[in-house]
Amino acid sequence: MGRKLLSTVLIHLLAWSVGLVWIVPLFGLFMTSIRPYGEVIYGWWNFSEFNPTFENFVRAWTHPTAALSAGMRNSLAIAIPATVVPILVASIAGYGFARFKFPIKNYLFITIVILMALPQQMIAVPIFRLMKELGLLDRYLGLIIVHSAWGIPWILFFMRNYFTTLPIEIEESAKVDGASDLVIFLRIVLPMCIPALVSAAVLQFMWVWSDFFLALILIYSPDKLLATQRLPLMKGVYFVDWGLLSAAAILVMAVPVLIFAFLQRYYIKGMVGWAMK
Amino acid sequence: MNPRLTKRLPRLKERLSQSLFLIPALALLATFVIYPVVYTVWLSFHSPSGGFSPLANYADVLSRREIINPRGFSQGFPLGALLHNFLWVLIHLPLTTFLGLVLAVILRNVKGGSVVKSAIFLGMVIPMIVGGLILRFMFDKYTGVVPAFLGLFGIPPKSWMVYPDTALLALIFGSVWLWTGFSMVLYSAGLGTIPRDYYEAAMIDGASPVRIFFSITLPLLRPITIVVVTMTILWELKIFDIVYVATMGGPGGASNVLALQMYFYAFRQLDPYRGSAVATFLMLLTLLVVIPMIRTLREAR
């Protein structure tokens, strides 16, 4: 019995200290962000002086060339439509893949699955040229369209897998009663899918918010830059102002971290379902 | 009216209304994903003068120092973007997969395990551009915990990412911190699906915990291991944001990677042909990883 107790205690100590080690860098980032630079210049773990201040956050929020106030607003203006549009488009198509029979369905589906692995670099040059021709370069509509198209494969895949787990009998009896496919989908199927839709929305929103590469090639006017694009701009060439940068980093990551904190269940379900099956 | 037509007409109408479900998604994909992919492959087969020379860009790119640098083997970093990506896979893949599995097993029976899991998983939640910035911060001479910690063992602190011989390694080891949460969460989900009876039966038979782990847990987690390994390799091949913000591939290309080099070719040197060759090559690598996974998982079902 004593040996078992000892091993339990040891495992708990080990597990907790691993968690502690993992959180130390984030704690350091936080400590650097709320203190004047002079205090942390030889490491944020020096607490001989400790005068918490919001000054770094104010500086990041109102930065003269890369203000995060505008950056976060811009990121929201992209991320909200770039979440809603692909979820609508991809879930309705996912339903088609789950329930309808049509030729070349399997080939189409495998192609879509393979598209999930594509590197963004593979569409970069043509997308740039296409957007230039459509007059959508450096405009949010262009980036929203690209994000929507880019998100379709995994949302379609995820929703299709979810639809196939639903009992088909309800849909069949509605069909016997004369309801059209669209009515069945909107009135019967979608209401049963709210949890899956929330999972898909959480993941898609976080990916669009976190995206850097597509924004980098499509958006370049200084006032239009997104939050993730402004972070590298705050890094000076010769001198790195860690007070400013840590505050900015915390502001940019706050949105996904808060969403994760409140909707963790949906996030994990979405990720596990999207990665497996 | 022809009786056969009256029978077929509703069927046709249904077909038509059903295809409306698929058309918006397929049209978006065709225009903004598939057409660009084909276009990129086409570009990679052509020279700036417009001539068709299918392998010229690939031969050119693969013989360039920024992609493969043979002198690196005797002189140290840079080894070239391609080899840096391979190094990433070589070091990062076993570390994150193994660590994630161990943590999933340990944290299952620990009080507060879910809090620890959330803390570890945060690395997956934060934007990679922030992640790269934090890595730079962690390995900085003055503000970094890693140099400070190593200082306790008498290793003089330095900013790891400023020196060619340590920049890439710092990024790779640092990204273990960011990515371990992925395999941990998937393995945790997988462990939950293994029936308790298996363990009870094994314990009644007197199997040791180590034996149980290797004979029951590990084989039953095989599908998850396949997914974790595949997704992790994909992530390592496509890595971009972290390197861009932390080192910009430097110093002197010592931490360069393929995705970043593609960006340099196509958008800094304005050479879309060379850039497309790198992108297509990168895509081939990802297909090499993904297609076997789809095969195995389909067979398993």
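Above this text you will find the structure in question.
Residues numbered from 1 in each chain as written. Chains lettered and ligands numbered in written order. Predicted model: local features only at pLDDT ≥ 70, side-chain atom pairs only at ≥ 80, totals over all residues.

(A) Seen up close, the overall build of chain A. Broken down by element type, chain A carries 14 helices and zero strands. Mapped from its N terminus to its C terminus, chain A presents α and β elements in the order α-α-α-α-α-α-α-α-α-α-α-α-α-α. At 24 Å, chain A has a C-alpha radius of gyration far larger than the 19 Å of a compact globule built from 277 residues. Overall, chain A is about 75 × 70 × 30 Å in size when its C-alpha atoms are taken along their principal axes. (Helix = DSSP H or I, 4+ residues; strand = E, 2+ residues; numbered from the N terminus. Rg over C-alpha atoms; globule rule 2.2 N^0.38 Å.)

(B) How the structure looks around the nonpolar core. Grouped together as the largest cluster of nonpolar side chains are 164 residues, with contacts concentrated most on A:L156, A:A248, A:A249 and B:L133. In terms of domain composition, this core takes at least three residues from each of domain 1 (2-53) and domain 2 (69-228 + 255-275) of chain A. In this structure A:L156 touches A:A90, A:A93, A:G94, A:F97, A:I112 and B:A25, once residues within four positions along its chain are discounted. (Core = buried A, V, L, I, M, F, W, Y, C linked by C-beta atoms within 7 Å. Buried ≥ 20, exposed ≤ 12 C-beta atoms within 10 Å, placed from the backbone. Domains from an automatic or database assignment. Contact = placed C-beta atoms within 7 Å.)

(C) Representation of the environment of A:Q121. Looking at where A:Q121 falls in the secondary structure, it is placed in helix α7 (residues 121-133). Separated by 92 residues in the primary sequence, A:Q121 and A:F213 have C-alpha atoms spaced 8.4 Å apart. Not counting chain neighbours up to four residues away, the residues in contact with A:Q121 comprise B:A259, B:M262, B:A279 and B:L282.

(D) Expanded view of helix α8 (residues 164-192) of chain B. With 29 residues, α8(B) extends 44 Å from end C-alpha to end C-alpha; this agrees with the ideal 42 Å at 1.5 Å per step. The sharpest bend along α8(B) measures roughly 45 degrees and falls at B:L178. (Expected span 1.5 Å × (residues − 1). Bend = angle between axes of the 7 residues up to and from the residue.)

(E) Spotlight on the interface of chain B and chain A. Taken together, the contact between chain B and chain A spans 69 residues of the former and 73 residues of the latter. For the side of chain B that touches chain A, the leading source of residues is helix α1 (residues 3-44) of chain B, giving 16 residues. The residue makeup of the side of chain B that touches chain A, split by class, is 56 nonpolar, ten polar and three charged. (Nonpolar A, V, L, I, M, F, W, Y, C, P; charged D, E, K, R; others polar.)

(F) A look at the packing of helix α5 (residues 113-125) of chain B against α8(B). Residue and element names in this part refer to chain B. Interaxial distance between α5 and α8 falls to 6 Å at its minimum, and their mutual angle equals 120 degrees. Relative to α8, the element α5 lies oblique. For the pair α5 and α8, the crossing hand works out as left-handed. Residues K117, I120, F121, G123 and M124 of α5 pack against W177, L178, W179, T180, G181, F182, M184, V185 and S188 of α8. (Axes fitted to C-alpha atoms, helices over the stretch in contact; angles between N-to-C directions. Parallel < 35°, antiparallel > 145°, perpendicular 65-115°, else oblique. Left-handed = near helix turned anticlockwise from the far one by under 90°.)

(G) Inspection of the packing of helix α4 (residues 68-79) of chain A against helix α11 (residues 194-210) of chain A at higher detail. Residue and element names in this part refer to chain A. One can describe the packing of α4 onto α11 by two numbers: an axis separation of 9 Å at closest approach and a directional angle of 135 degrees. Judged on the interaxial angle alone, α11 and α4 are oblique. The element α4 and its partner α11 pack so that their crossing is right-handed. Residues S75, I78 and A79 of α4 lie in contact with α11, whose contacting residues are F205, V208 and W209. Along the lines of polarity and charge, the residues of the contact of α4 with α11 split into five nonpolar, one polar and no charged.

Limitation: the analysis is restricted to geometry and does not speak to function.
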